[in-house]
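# Architecture and fold: a report
The lines below spell out each chain.
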Amino acid sequence: MKHFLAKHATIKHRLYSFYYTAFSYGRGLLVLTLCLWAGNIISKLLPIMIPGSIIGLLILFFLLAFQLIPTCWIKNSCNLFMRYMTLLFVPAAMGIMDNYSLLLQNWIPIIFGCVGGTLVVLLFTAFLTEYFHKTVPQNSIESQKNEDNQP
């Protein structure tokens, strides 16, 4: 977007740069929207309780992981969403506050669920880290450090 605002750029170059940037954002938004729609359709067709947005994210992940679409197609649009992510969470926070009485009635299970989930993830990570440190020989780690320190 900076290119078409440059002082030395000609009108033709500015228009080309503007159209290229707009096309890049549009293409990314189209890919993201199509993945979301496909996820919503699959969610409605299958008898599972997974939201369509999650299925859409999985579709997008597999498209990117198997390189069926290049990452440059959605990079600009994803950066745009990441930049304004806090603004996108405001409606969800307001939806939670609409059910404030329900939260007050069930605060004990919510707290235990949050603390319990955190502890499960913490313990799993600790055991997994300990397992990997035991399986990787210490000599190979020390030799890698020595190789990195040599000029």
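Placed above this text is the structure.
Small disclaimer: the values here were computed from a predicted structure and weren't measured. (Residues numbered from 1 in each chain as written. Predicted model: local features only at pLDDT ≥ 70, side-chain atom pairs only at ≥ 80, totals over all residues. Heavy atoms only, no water.)

Attention shifts here to the overall build of the protein. Within the protein, the regular secondary structure consists of seven helices and zero strands. Taken from the N to the C terminus, the helices and strands of the protein come in the order α-α-α-α-α-α-α. Relative to its full complement of 151 residues, the protein shows a buried share of 13%. Partitioning the contacts of the protein with sequence separation of at least 6, the portion at a separation of at least 24 is 41%. Just so you have it, the protein exposes about 13000 Å², and 72% of that area is on carbon and sulfur atoms. (Helix = DSSP H or I, 4+ residues; strand = E, 2+ residues; numbered from the N terminus. Buried < 20%, exposed > 50% of the residue type's maximum accessible area, 1.4 Å probe, protein only. Contact = heavy atoms within 4.5 Å. Areas by Shrake-Rupley, 256 points an atom, 1.4 Å probe, with all protein chains shown as cover.)

With that out of the way, let us pick up the packing of helix α1 (residues 11–45) against helix α2 (residues 52–65). For the pair α1 and α2, the least separation of the axes is 7 Å and the interaxial angle reads 125°. Taken together, the axes of α1 and α2 are oblique relative to one another. As α1 packs across α2, the resulting crossing turns out to be right-handed. Listed contacts from α2 to Val31, Leu32, Cys35, Leu36, Ala38, Gly39, Asn40, Ile42 and Ser43 of α1 are Gly52, Ser53, Ile55, Gly56, Ile59, Leu60 and Leu63. (Axes fitted to C-alpha atoms, helices over the stretch in contact; angles between N-to-C directions. Parallel < 35°, antiparallel > 145°, perpendicular 65-115°, else oblique. Left-handed = near helix turned anticlockwise from the far one by under 90°.)

Turning our eyes to something else, we now look at unusual backbone geometry. At glutamine 67, a residue that is not glycine, the phi angle is positive and equals roughly 55°. Note that glutamine 67 resides in the loop between α2 and α3 (75–83).

Let us look at the packing of aromatic side chains. Pairs of aromatic rings are described using the distance from one ring centre to the other and the angle between the two planes. Scanning all chains against the criterion turns up five aromatic pairs. In textbook terms, an aromatic cluster arises when at least three aromatic residues are bridged by ring pairs, as seen for Phe61, Phe62 and Phe66. (Phe/Tyr/Trp six-rings, centres within 6.5 Å; stacked < 30°, edge-to-face > 60°.)

What follows is about the nonpolar core. Val31, Leu32, Cys35, Leu60, Ile69 and Ile74 together form the largest nonpolar core, which totals six residues. Here this core takes three residues from α1, the largest share from any one element. Ignoring sequence-local partners within four residues, the contact set of leucine 60 consists of Val31, Leu32, Cys35, Ile69 and Ile74. (Core = buried A, V, L, I, M, F, W, Y, C linked by side-chain atoms within 4.5 Å.)

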